[in-house]
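# Inside the fold
This is what each chain is made of:
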Amino acid sequence: MPKISVIIPVYNGEITIRETIESVLNQTFTDFELIVINDGSTDSTLDAIAQISDPRLQTFSYPNAGANVSRNRGLAKSSGPYISFIDADDLWTTDKLESQYQALQENPDAGLAYSWTDCIDESSQFLRPDSRATFSGDVLAPMLLAYFLSNGSNPLIRREVFLELGGFDETLTFAQDWEMYLRVARHYPFAVVPKPQVLYRQSASTMSMNVVKKEVAVIQVINRAFDRVPETLQYLKPRSLGNFYKYLTVKALEGTSTRQRGISGFRFYLNALRNDRNLLTAPVTLKVLYKAAVISLFSPPIAQNILAKTPKLSNTSTLLGYINLDTSRSP
């Protein structure tokens, strides 16, 4: 039996799946099985996988059902006492599994180990650092504030965690990872590997996500989470909502410049302001209002031209720096 089961859900991933698989096969920790769940791909994903020969690699195909269902299908096929997932366009550094496995050996009570994340572009080139969280032990409070694991390609989890808590919620269209690991944080300590080992790909498809649908799903996750935690943690809910609306504002304004996304950016930022009054005097507020106004008032080509001429003023990604992970009662 392999020590680790690595699961890759893939749907139409012909461009990136081979590089993703190779980043797993090149791990310094070698005692694993690699299970690819083909989620009804209609492109040449299976052909790309077929070009890779390795006895640890298994592929199973199903009708399209979504990533959360595919992860649960992978769990059912897996046999290792430790589980890790990686999305079909992300990458790992070669020491990712070894470092996280060692962290769990050193912290036998921990339910999972996680690492830091860097963002890469469609050509696998470094874009920017992402998550640099160092929370360990009881992490429920900071996990309520934000999904500091950053992405579903990050943690290594003990199988017993899934046996106790169940798999991914198949009714959710977004935030399945956060919902799952919020459940884990209620029952298990976390261990952290404080170095970037997950390379999270930023592509046109991720930037053009349906932000309104994501809002609905994540608010459901936040409400559900706070319904299940003690009264002593309820003071964190406005901070959690404020953090999410800051993130959603950035996502709305960084995608394709359409009037609807500009309007959504305004609305999301108003919700961020309601939950974090400190933003009222923050310099980033001018950037958000400027960019949202340009996108809302002008046609996409004109808006893009204006924004290109004012890169500093239209750089709303700095809003992510205002994500508040302080769990004290008076941040």
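The structure under discussion appears in the preceding block.
Positions within a chain are numbered from 1, following the residues in the order the chain's sequence is written. With the structure being a predicted model, the display of local features is reserved for residues of pLDDT at least 70 and the display and counting of side-chain atom pairs for 80 or more, all residues being used for whole-chain, interface and lining totals. Side-chain measures were taken over the full set of non-hydrogen atoms in the model, leaving aside hydrogen atoms and water.

### With respect to helix α12 (residues 284-297)
Helix length check: α12 (14 residues) gives 20 Å between terminal C-alpha atoms against 20 Å at 1.5 Å per residue, within 8%. Exposure is judged per residue with a 1.4 Å probe applied to protein chains only, and the accessible area is read against the type maximum: over 50% gives exposed, under 20% gives buried, and values in between give partly exposed. Per the convention used, a helix needs a DSSP run of H or I reaching at least four residues, while a strand needs a run of E reaching at least two, with both numbered from the N terminus. By the burial criterion, the buried members of α12 are Val284, Thr285, Val288, Lys291, Ala292, Val294, Ile295 and Ser296. Here, residues are in contact when the closest pair of their heavy atoms is within 4.5 Å. In this fold, the buried residues of α12 make contact with α10 (237-254), α11 (259-275) and α13 (300-309). A helix is expected to span 1.5 Å multiplied by its residue count minus one.

### A word on the packing of aromatic side chains
Any Phe, Tyr or Trp ring, taking Trp's six-membered ring, that has another such ring centre within 6.5 Å forms a pair; planes under 30 degrees apart are called stacked, those over 60 apart edge-to-face, and the others tilted. Overall, the coordinates contain 12 aromatic pairs when judged by the stated rule. Judged by centre distance (4.9 Å) and plane angle (50°), the ring pair of Phe29 and Tyr101 falls under tilted. With Phe29 in the loop between α1 (17-25) and β2 (32-39) and Tyr101 in helix α4 (residues 96-106), the pair connects residues that are 72 residues apart, well separated along the chain. For the pair Phe29 and Tyr101, a shared accessibility class is recorded, and that class is buried. On the basis of an interplanar angle of 50° and a centroid distance of 5.0 Å, the ring pair of Phe135 and Phe148 is categorised as tilted. Remark: Phe148 occurs in the loop between α5 (140-145) and β8 (156-158) and Phe135 occurs in the loop between β7 (126-129) and α5; sequence separation between them is 13 residues. The structure contains a cluster of three or more aromatic residues connected by ring pairs, namely Phe85, Phe162, Phe168 and Tyr181. Note on geometry: a ring has a charge over it if NZ (lysine) or CZ (arginine) is within 6 Å of the ring centre and within 35 degrees of the ring normal. The ring of Phe168 has Arg71 lying over it, and the distance from NZ or CZ to the ring centre is 5.4 Å.

### Regarding the pattern of salt bridges
In the sections that follow, a salt bridge refers to a side-chain nitrogen of Lys or Arg positioned within 4 Å of a carboxyl oxygen of Asp or Glu. Inspection of the entire model under this criterion finds 14 salt bridges. For Glu19, the salt bridge identified is with Arg201, shortest N-O distance 3.4 Å. Highlighted residues: Glu19 in helix α1 and Arg201 in strand β9 (residues 190-201), separated in sequence by 182 residues. In this structure, the salt-bridge partner of Arg71 is Asp177, at a minimum N-O distance of 2.6 Å. Of this pair, Arg71 sits in helix α3 (residues 67-77) while Asp177 sits in helix α7 (residues 176-187); the two residues are 106 residues apart in sequence, bridging distant segments of the chain. Assessed through its relative accessible area of 4%, Arg71 is described here as buried. One network of salt bridges, in which partners are shared, links Asp169, Glu179, Arg183 and Arg224.

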